[in-house]
Amino acid sequence: SHICALCHIDHRKIAIMVSIVDRALPKTPSKRWAEIFFLLYCPVWIAIFVAVVVTQVYEQFQELEYFLLCAGIAIPCVLYPLLFPCEADRNTPLLERYW
């Protein structure tokens, strides 16, 4: 059996899911790295907006607070690739990178 007795995980299903995700991602290393970053970062900004809506803190926001919230959420998408480029982009000029 391919099911782990201790954790009840069907490893065949995991292998199929990994295969599907692998085929869905770009083959170009730079593009692939960017897509993985965005896939991993999406739950972060979604959770932030959920917290803002659930707590209704947005009712106290003025233009500055909205700007700071959105800028704070967007900054990682700009700074992270500049500070931590993928291996494929390390020697590529900034304007020629996929990002």
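The text that follows walks through the structure, step by step, so that each part is easy to find. (Residues numbered from 1 in each chain as written. Predicted model: local features only at pLDDT ≥ 70, side-chain atom pairs only at ≥ 80, totals over all residues. Heavy atoms only, no water.)

1. Remarks on the side chain of Asp89
Item 1. Note that Asp89 resides in the segment after α3 (63–83).
Item 2. Within the structure, the side chain of Asp89 is placed 2.7 Å from the side chain of Ser30, a separation counted as a polar contact.
Item 3. In contact with Asp89, not counting residues within four places along its chain, are Ser30, Arg97 and Tyr98. (Helix = DSSP H or I, 4+ residues; strand = E, 2+ residues; numbered from the N terminus. Polar contact = N/O pair within 3.5 Å; in protein donor to acceptor, adjacent residues only side chain to side chain. Contact = heavy atoms within 4.5 Å.)

2. Structural notes on the pattern of salt bridges
Item 1. Throughout the structure, instances matching the rule amount to 2 salt bridges.
Item 2. Here Arg32 and Asp22 are joined by a salt bridge, their closest N and O atoms 2.3 Å apart. With Arg32 in helix α2 (residues 29–54) and Asp22 in helix α1 (residues 11–24), this pair connects stretches of sequence that are 10 residues apart.
Item 3. Judged by relative accessible area, Asp22 falls into the partly exposed class, the value being 35%.
Item 4. Salt-bridge contacts for Arg90 lead to Glu87; the nearest nitrogen and oxygen are separated by 2.5 Å.
Item 5. Arg90 gets classed as partly exposed once you look at its relative accessible area, which sits at 46%. (Salt bridge = Lys/Arg side-chain N within 4 Å of Asp/Glu carboxyl O. Buried < 20%, exposed > 50% of the residue type's maximum accessible area, 1.4 Å probe, protein only.)

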